[in-house]
Amino acid sequence: MKGNMKGITKGTTKGIMKVFVYGDNVDTDVIIPARYLTTGDPAHLAAHCMEDIDPGFSTTVKEGDVVVAGWNFGCGSSREHAPLALKAAGIACVVAASFARIFYRNAINIGLPIIENAEAARDISPGDAIDVSPEAGRIHNLTTGRIYQGEPPPPFIMEIIQAGGLLQRLKNCH
Amino acid sequence: MGQTITQKILAAHAGATRVKPGQLIEIPVDLVLGNDITAPVAIREMEKAGLHSVFDPTRIALVLDHFTPCKDIASARQCAEVRSFARKHGVTHFYDVGAAGVEHVLLPEVGLVAPGEVIIGADSHTCTYGALGAFSTGVGSTDMAAGMARGMAWFKVPQAIRVVLSGAPGAHVGGKDVILHLIAALGVDGARYQSLEFSGDGVAALSLDDRFTIANMAVECGAKNGIFPVDSRTEAYLAGRVSRPWIAFAPDGDAAYAREVDIDLGSLEPLVACPHLPSNVKPAREMGRVRVDQVVIGSCTNGRLSDMRKAADILRNRKVAEGVRCLIIPGSMEVYLEAMEAGLLADFVKAGAVVSTPTCGPCLGGHMGVLDKGEVCVSTTNRNFVGRMGHADSQVYLASPETAAASAVAGHIAAPPEGGHRAS
């Protein structure tokens with residue numbers, strides 16, 4: 001994890017992340033409403049991220065925080081502005097029971113770490129402190145002590161992540 | 001084990017005789033699409049990555065349709081960026097105001113889609129083209145950038161859900177009711193990472209416009225694509241539009257499917273998807289009296305000529321109820337012109353509706369019909385998520401053009417025959 005941990009509650013150590021917990025079917029219209037898509041500016045998108053379902057998100061989120069959600073996270077529109085908004089808001093990783101497919105590939109392509117883990121998504125509660133290692137597919141809930149070990153991403157996906165995104169990989173291979 | 005239609009198309013593009021579900025492949029694409037929201041991000045990403053040329057200017061389609069005619073200075077700037085990119089690279093299929101329509105109505109109409117092709121679009125409803133037997137799917141702006149630069153895309157080969165259609169739809173039942181029924185049956189993520197492959201003798205009973213509507217909303221149950229077999233109605237649609245050679249792929253007799261869903265088209269009735277999920281479906285006649293502030297008829301889902309005709313048949317010689325704003329949006333200039341020549345636009349205006357230039361506008365709460373707090377809209381569009389068409393406390397009900405038109409006349413959500421009340 002490269003996540004910058006500054007801003008986390010006093011007394012925490014590197015690797016401890018605050019969580020924002022949401023339910024199922026969090027769609028891209030609520031992650032970033034279309035009325036803000038007249039620009040691709042990451043700071044502008046971050047300022048309005050999640051505002052229709054969680055108006056306090058953009059003012060309380062800190063660099064290195066984690067979003068935890070249920071099934072089908074990121075369903076709806078293909079707007080890459082959604083993972084961009086979360087990334088620009090400082091979200092270090094999204095943990096969900098499952099991801100809608102366009103959001104999944106957009107997150108990988110732009111380098112927003114994600115982990116699919118239904119058990120962790122069900123168990124993690126607001127207020128828990130967690131530590132995530134997306135490249136290892138591992139989530140550690142420091143509050144409950146539970147460790148969730150899922151599959152690491154397949155080699156092809158790992159290649160995109162390690163290159164720093166799809167376009168970087170494209171440049172490297174051709 | 002045999003292959004599905006989608007697997008065969010992907011295998012043909014991979015230069016292989018077969019592909020396996022779950023396999024990750026990188027294949028050439030036949031067309032890359034973007035619009036005034038997603039293309040600017042892709043253009044900037046290309047430039048940032050130092051990718052200064054496009055793989056083939058004849059295989060890129062850029063359509064200015066979402067916030068156009070431009071709603072404000074910021075959206076005008078985004079359109080200007082796309083315009084200048086199109087000019088710089090000599091992009092053949094660039095559609096500006098006057099030629100543009102809602103992208104997924106426009107592209108098939110102008111012959112940019114043929115059976116067996118692979119099309120990616122930085123718009124989730126790119127899956128619409130499965131109606132013509134193409135593999136098409138929505139991607140993000142970075143995928144679009146990679147596609148424009150290199151003509152390639154990566155995919156995980158999907159399994160398919162086989163949707164077997166039988167019978168024929170009754171009066172006032174169309175593609176929208178078929179897909180709402182299917183989304184309700186599967187749930188909003190019931191087809192995640194999978195194809196919907198339509199089959200059965202019921203396919204022949206569906207017009208191409210119905211098939212476009214059905215394939216369009218495949219993404220609303222999480223599907224990667226929705227695909228129809230090619231038949232004589234498909235060939236009739238393609239005649240005069242597509243002159244290049246194309247291949248119609250049929251599934252193998254022993255193709256493996258994740259599951260099978262049967263739909264008797266004759267048993268369906270007009271349906272409505274209630275807030276805030278497309279799967280929250282009820283029969284229109286059981287809705288009670290849900291008061292309506294606005295009705296929208298149009299979009300990539302239901303903005304084609306037959307949709308306009310169905311709406312006009314209900315609105316002709318009737319009046320939109322007092323207190324209801326009824327917006328009609330033909331999906332393309334071709335639809336607009338045909339609707340005008342057929343006298344449909346006059347029917348709309350006489351009924352008290354307004355007719356807009358083609359735009360995605362209100363569907364995504366962009367412009368031309370944004371909802372205020374507490375307002376209720378019946379819309380022929382595809383999503384009824386929180387805040388989709390405006391204020392987070394507004395409500396969107398999805399329905400067919402007939403149900404939407406009937407609701408406009410009644411002033412509350414109504415099944416089509418109920419809209420038959422004559423104006424006094």
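Predicted model only: the values in this text are computed from it and were never measured.

Assigned secondary structure in chain A consists of 8 helices and 7 strands. Over its C-alpha atoms chain A spans a radius of gyration of 15 Å, differing by no more than 12% from the 16 Å that the globule rule assigns to 174 residues. Here the C-alpha coordinates of chain A stretch approximately 45 × 35 × 30 Å along the principal axes. Residue burial in chain A is summarised as follows: out of 174 residues, 51% are buried.

To continue, consider the overall build of chain B. Check the secondary structure of chain B and you find 13 helices and 18 strands. Against the 2.2 N^0.38 benchmark of 22 Å for 424 residues, chain B shows a C-alpha radius of gyration of 21 Å, consistent with a compact globule. If one aligns the C-alpha atoms of chain B with their principal axes, the spans along those axes are about 65 × 50 × 40 Å. Looking at the 424 residues of chain B, the share that counts as buried comes to 61%.

A word on helix 6 (residues 175-186) of chain B. Residues and elements named next belong to chain B. Along its 12 residues, helix 6 runs 16 Å from first to last C-alpha, staying within 8% of the 16 Å computed at 1.5 Å per residue. The buried fraction of helix 6 is high, at 9 of 12 residues. If you check which residues of helix 6 are buried, you get Gly175, Lys176, Asp177, Val178, Ile179, Leu180, Leu182, Ile183 and Leu186. Immediately downstream of helix 6, the backbone of glycine 187 shows phi near 85°, a positive value.

The subject of this paragraph is the domain arrangement of chain B. Size of an interface, as often reported, equals the accessible area lost when the parts are brought together. All names here are of chain B. Taken domain by domain, chain B comprises domain 1 (5-264) and domain 2 (273-420). Each of domain 1 and domain 2 has a C-alpha centre, and these two points are 24 Å apart. Across the boundary between the two partners, domain 1 contributes 34 residues, which contact 33 residues of domain 2. Mapped onto the side of domain 1 that touches domain 2, the elements with two or more residues apiece are helix 4 (103-109), helix 6 and helix 7 (208-216). It is helix 6 that provides the largest number of residues to the side of domain 1 that touches domain 2, a total of 6 residues.

Below, the discussion takes up the packing of helix 6 of chain B against helix 7 of chain B. Residues and elements named next belong to chain B. The interhelical angle for the contact between helix 6 and helix 7, taken along N-to-C directions, is 30°, at an axis separation of 8 Å. The pairing of helix 6 with helix 7 is recorded here as roughly parallel in orientation. As helix 6 packs across helix 7, the resulting crossing turns out to be right-handed. Note on element contacts: helix 7 touches helix 6 through Asp209, Asp210, Arg211, Thr213 and Ile214, opposite Gly175, Lys176, Val178 and Ile179. Grouping the constituent residues of the contact of helix 6 with helix 7 by class yields 3 nonpolar, 2 polar and 4 charged.

A few words now on the environment of B:Glu81. Residue and element names in this part refer to chain B. You can see glutamate 81 is positioned in helix 3 (residues 73-89). Taking the number of C-beta atoms within 10 Å as the measure of exposure, glutamate 81 has 17 and is therefore partly exposed. Considering only alpha carbons, one finds glutamate 81 and aspartate 36, 45 residues apart in sequence, at a separation of 8.8 Å. Every residue in contact with glutamate 81, bar those within four places of it in the chain, is listed here: Pro40 and Ile43.

Each partner contributes residues to the interface: chain B has 44 residues there, and chain A has 38 residues. For the side of chain B that touches chain A, the leading source of residues is helix 5 (residues 141-150) of chain B, giving 7 residues. Per-class residue counts for the side of chain B that touches chain A are 20 nonpolar, 13 polar and 11 charged.

Looking now at the packing of helix 8 (residues 166-173) of chain A against helix 5 of chain B. Two quantities define a packed helix pair, namely the angle between the helix axes and the distance between the axes. Where helix 8 of chain A contacts helix 5 of chain B, the two axes come as close as 9 Å, and the packing angle between them is 25°. Considering their axes alone, helix 8 of chain A and helix 5 of chain B lie roughly parallel with respect to each other. Across the interface between the two elements, A:Leu166, A:Leu167 and A:Leu170 from helix 8 of chain A touch B:Thr142, B:Asp143, B:Ala145, B:Ala146, B:Ala149 and B:Arg150 from helix 5 of chain B. A per-class count over the contact of helix 8 of chain A with helix 5 of chain B returns 6 nonpolar, 1 polar and 2 charged.

The next subject is the pairing of strand 3 (residues 93-96) of chain A. All names here are of chain A. Here strand 3 shows no split at all, with Cys93 and Val95 on one side and Val94 and Ala96 on the other all buried. As paired elements, strand 2 (residues 66-69) and strand 3 share 4 bridges and run parallel to each other. Counterpart to alanine 69 in the pairing with strand 3 is alanine 96. For the crossover from strand 2 across helix 4 (residues 81-89) to strand 3, the handedness is right-handed. Summarising the sheet, strand 3 and strand 4 (residues 114-116) pair through 3 bridges and their orientation is parallel.

Moving on to the environment of B:Val188. You can see B:Val188 is positioned in the loop between helix 6 and strand 9 (195-199). Discounting residues that sit within four places of it in the chain, B:Val188 has contacts with A:Asn25, A:Asn72, A:Cys75, B:Ile183, B:Glu220, B:Cys221, B:Gly222, B:Leu277, B:Pro278 and B:Ser279.

Glancing now at the sheet that holds strand 11 (residues 259-264) of chain B. All names here are of chain B. What the 4 strands build is an open sheet, ordered 10-9-8-11; its pairing is parallel. Each edge of the open sheet is held by one strand with a lone partner, namely strand 10 (225-227) and strand 11. With direction set aside, neighbouring strand axes in the sheet form an average angle of 20°. Pairing of strand 8 (residues 160-166) with strand 9, which is carried by 5 bridges, proceeds in the parallel orientation. Bridge assignment links arginine 162 to a residue of strand 9, and that residue is glutamate 197.

We now examine the sheet that holds strand 6 (residues 138-141) of chain A. Residues and elements named next belong to chain A. Here 7 strands make up an open sheet; going across it, the order is 4-3-2-1-5-6-7 and the pairing mixed. If you trace the sheet from one side to the other, it starts and ends with strand 4 and strand 7 (147-149), each paired once. With strand direction ignored, the average angle separating the axes of adjacent strands in the sheet is 30°. Two elements, strand 1 (residues 17-21) and strand 2, share 3 bridges in a ladder whose sense is parallel. Bridging across to strand 2, valine 21 finds its partner in valine 68.

Turning to unusual backbone geometry, a few remarks are in order. Of note, the amide linkage connecting B:Thr68 to B:Pro69 takes the cis form, showing an omega dihedral of -15°. For B:Pro69, the location among the structural elements is in the loop between strand 3 (60-63) and helix 3. We note that A:Met50 has phi near 65°; this positive angle belongs to a residue other than glycine. Structurally, the position occupied by A:Met50 is in the loop between helix 2 (42-47) and helix 3 (57-60). A tally of 24 C-beta atoms within 10 Å means that A:Met50 is categorised as buried. One non-glycine residue, B:Ser299, lies in positive phi territory at about 90°. On the secondary structure map, B:Ser299 appears in helix 9 (residues 299-302). Overall, B:Ser299 belongs to the buried group, with 29 C-beta atoms counted inside 10 Å.

Take the environment of B:Gln23 next. Note on placement: B:Gln23 falls in the loop between helix 1 (5-14) and strand 1 (24-28). Each C-alpha atom, one on B:Gln23 and one on B:Glu269, is 39 Å from the other, the two residues being 246 residues apart in sequence.

About the thresholds
- Every residue gets a number counted from 1 within its own chain, in the order that chain's sequence is written.
- Each chain takes a letter, starting from A, and each ligand takes a number, starting from 1, following the order in which they are written.
- Totals for whole chains, interfaces and linings use all residues, but because this is a predicted model, local features are given only for residues with pLDDT of at least 70 and pairs of side-chain atoms are given and counted only at 80 or more.
- Helix and strand assignments follow DSSP, with helices taken as H or I runs no shorter than four residues and strands as E runs no shorter than two, numbered in order from the N terminus.
- Put simply, the radius of gyration uses C-alpha atoms, and a globule should come to 2.2 Å times the residue count raised to 0.38.
- Here a residue counts as buried when 20 or more other C-beta atoms sit within 10 Å of its C-beta, as exposed when there are 12 or fewer, and as partly exposed otherwise, the C-beta atoms being derived from the backbone.
- Between the first and last residue of a helix there are one fewer steps than residues, each counted as 1.5 Å, and that sum is the expected span.
- Annotation comment: domain bounds sourced from an automatic or database domain assignment.
- A pair of residues counts as a contact when their C-beta atoms, built from backbone coordinates, are within 7 Å of each other.
- Convention adopted: a line fitted to C-alpha atoms gives each axis, helices being fitted over their contacting stretch, and angles between N-to-C directions are expressed from 0 to 180 degrees.
- Oblique is the label for any angle not under 35 degrees, not over 145, and not in the 65 to 115 range, which are roughly parallel, roughly antiparallel and roughly perpendicular in turn.
- Throughout, a crossing is termed right-handed when the near helix is turned clockwise from the far one, and left-handed when it is turned anticlockwise from it by less than a right angle.
- Here the nonpolar group is Ala, Val, Leu, Ile, Met, Phe, Trp, Tyr, Cys and Pro; Asp, Glu, Lys and Arg are the charged ones; every other residue, Gly included, is treated as polar.
- For two strands to be treated as a pair, DSSP must find at least two bridges joining them.
- Looking down the strands as they point away from the viewer, one classifies a crossover as right-handed if the path from the first strand across the helix to the second runs clockwise.

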